[in-house]
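Given next are the chains, with one letter for each unit.
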Amino acid sequence: MVTEECGKTMKIGILGFQGAVIEHQQHIQQLEQEAVIVRYREQLETIDGLILPGGESTTMGKLLNRTGLMDPLREKILQGLPVWGTCAGMILLAKELEQDPLVHLGVMDMTVKRNAYGTQIDSFDVRMVVPEISNREIPLVFIRAPYITRVGKAVRVLCRVDDHIVAVRERNMLATSFHPELTDDSAFHQYFIGMCRK
Ligand code: GLN
């Protein structure tokens, strides 16, 4: 439902190289906001926020470099563009990866461990209340998921599963180990749209 106080329609970009792009798009549209697939640097000027989807972080990192998006996107995020990385997207945002010298955007003050739960067959889902997001239980789906092993002072932990940090916020940046776009619950998308509105 769109009410007066929701104000103008937000234009939410979804990095469109690879991964769970359409699923994010559907959630944004269901919440009656505009969703655009982002592949070119010019598009960065036209969006109110950007989602970095799950997929394969190494591939997405290569494509960000090859298309010339990496540096301007990093700059935009540092200037305050709201960004949300899910799974591989979270890996792209991290300043440091465990046992891996590679860093992609390197904007969030945290260390991330890739494939921390094991391989594809170790994928799982749980239901939890994440107070910052909603007072209802929401489904969290983990697929070859990373978790966070260190956070800097400015990073707020939003959710832990079995003592591992799996959702964080640092100023204009949100990162989740799991995939809200693969569930029918839009609470995280709603929260991110709120971040874009501010
Ligand atoms: N394991 C993947 C990576 O390291 C992330 C998996 C995902 O996004 N579902 O990039």
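All of the points below concern the structure found in this document. (Residues numbered from 1 in each chain as written. Predicted model: local features only at pLDDT ≥ 70, side-chain atom pairs only at ≥ 80, totals over all residues. Heavy atoms only, no water.)

### A word on the overall build of the chain
Right, so step 1: The secondary structure content of the chain amounts to five helices and 12 strands.
Right, so step 2: The C-alpha radius of gyration of the chain comes to 15 Å, within 12% of the 16 Å expected for a compact globule of 198 residues.
Right, so step 3: Once the C-alpha set of the chain is aligned to its principal axes, its extents read approximately 45 × 40 × 35 Å.
Right, so step 4: Restricting the contact set of the chain to residue pairs at least 6 apart, pairs at least 24 apart contribute 64%.
Right, so step 5: In the form shown here, the chain has an accessible surface area of approximately 9,400 Å², with 47% of it arising from carbon and sulfur atoms.
Right, so step 6: Counting 22 positive and 25 negative side-chain charges, the chain places the averaged centre of each group 5 Å from the other. (Helix = DSSP H or I, 4+ residues; strand = E, 2+ residues; numbered from the N terminus. Rg over C-alpha atoms; globule rule 2.2 N^0.38 Å. Contact = heavy atoms within 4.5 Å. Areas by Shrake-Rupley, 256 points an atom, 1.4 Å probe, with all protein chains shown as cover. Lys, Arg positive; Asp, Glu negative; His and termini not counted. Charge placed at Lys NZ, Arg CZ, Asp CG, Glu CD.)

### As for the pattern of salt bridges
Right, so step 1: Within this structure, the stated rule accounts for 12 salt bridges.
Right, so step 2: Arg 144 serves as the salt-bridge partner of Glu 56, at 3.3 Å between the closest nitrogen and oxygen. Remark: Arg 144 occurs in the loop between strand 8 (137–142) and strand 9 (147–151) and Glu 56 occurs in the loop between strand 3 (49–52) and helix 2 (57–66); sequence separation between them is 88 residues.
Right, so step 3: Classification of Glu 56 by relative accessible area gives partly exposed; the value is 22%.
Right, so step 4: Look at Arg 144 and you get partly exposed, because its relative accessible area is 30%.
Right, so step 5: With a closest N to O distance of 3.8 Å, Asp 100 and Arg 114 form a salt bridge. Within this pair, whereas Asp 100 is found in the loop between strand 5 (94–97) and strand 6 (108–113), its partner Arg 114 is found in the loop between strand 6 and strand 7 (124–129), the two being separated by 14 residues in sequence.
Right, so step 6: Judged by its relative accessible area of 23%, Asp 100 is partly exposed.
Right, so step 7: Among the residues examined, Arg 114 registers a relative accessible area of 25% and is labelled partly exposed. (Salt bridge = Lys/Arg side-chain N within 4 Å of Asp/Glu carboxyl O. Buried < 20%, exposed > 50% of the residue type's maximum accessible area, 1.4 Å probe, protein only.)

### Thoughts on the site of the ligand
Right, so step 1: For the ligand, the full set of nearby residues is Gly 54, Gly 55, Glu 56, Ser 57, Cys 87, Ala 88, Ile 91, Arg 114, Asn 115, Ile 143, Arg 144 and His 179.
Right, so step 2: Between the ligand and Ala 88 there is a distance of 3.1 Å, counted from an oxygen atom to a backbone nitrogen or oxygen.
Right, so step 3: In this structure, His 179 approaches the ligand through a side-chain N or O atom, which is 3.0 Å from a nitrogen atom.
Right, so step 4: Taken together, the residues that form the shell around the ligand break down as four nonpolar, five polar and three charged. (Near = heavy atom within 4 Å. Polar contact = N/O pair within 3.5 Å; in protein donor to acceptor, adjacent residues only side chain to side chain. Nonpolar A, V, L, I, M, F, W, Y, C, P; charged D, E, K, R; others polar.)

### Structural notes on the nonpolar core
Burial of nonpolar side chains together is a common tendency in soluble globular proteins.
Right, so step 1: By size, the foremost hydrophobic cluster in this structure holds 34 residues, and its most contacted members are Leu 52, Leu 73, Leu 93, Leu 105 and Met 110.
Right, so step 2: Within the second largest apolar cluster, 32 residues are counted, among which are Ile 14, Tyr 117, Phe 178 and Ile 193. (Core = buried A, V, L, I, M, F, W, Y, C linked by side-chain atoms within 4.5 Å.)

### Focus on helix 1 (residues 21–30)
Turn by turn, an α-helix covers 3.6 residues, leaving residues three or four places apart pointing in a common direction.
Right, so step 1: Taken together, the buried positions of helix 1 are occupied by Val 21, His 24, Gln 25, His 27 and Ile 28. The arc that holds the buried residues of helix 1, viewed along the axis, is 165°, so those residues lie on one side.
Right, so step 2: Looking at the packing, one finds that the buried side of helix 1 touches strand 1 (11–15), strand 2 (34–38), strand 3, strand 4 (83–86) and helix 5 (187–197).
Right, so step 3: Positive phi shows up at Glu 32, right after helix 1, with a value of about 65°. (Arc of directions from axis to C-beta.)

### Quick look at the side chain of Ser 134
Right, so step 1: Its place among the elements puts Ser 134 in the loop between strand 7 and strand 8.
Right, so step 2: The buried category is assigned to Ser 134, whose relative accessible area is 11%.
Right, so step 3: Only 3.0 Å separates the side chain of Ser 134 from the backbone nitrogen of Arg 136, close enough to count as a polar contact.
Right, so step 4: In this structure, Ser 134 is in contact with Val 129 and Ala 187, ignoring residues within four places of it in sequence.

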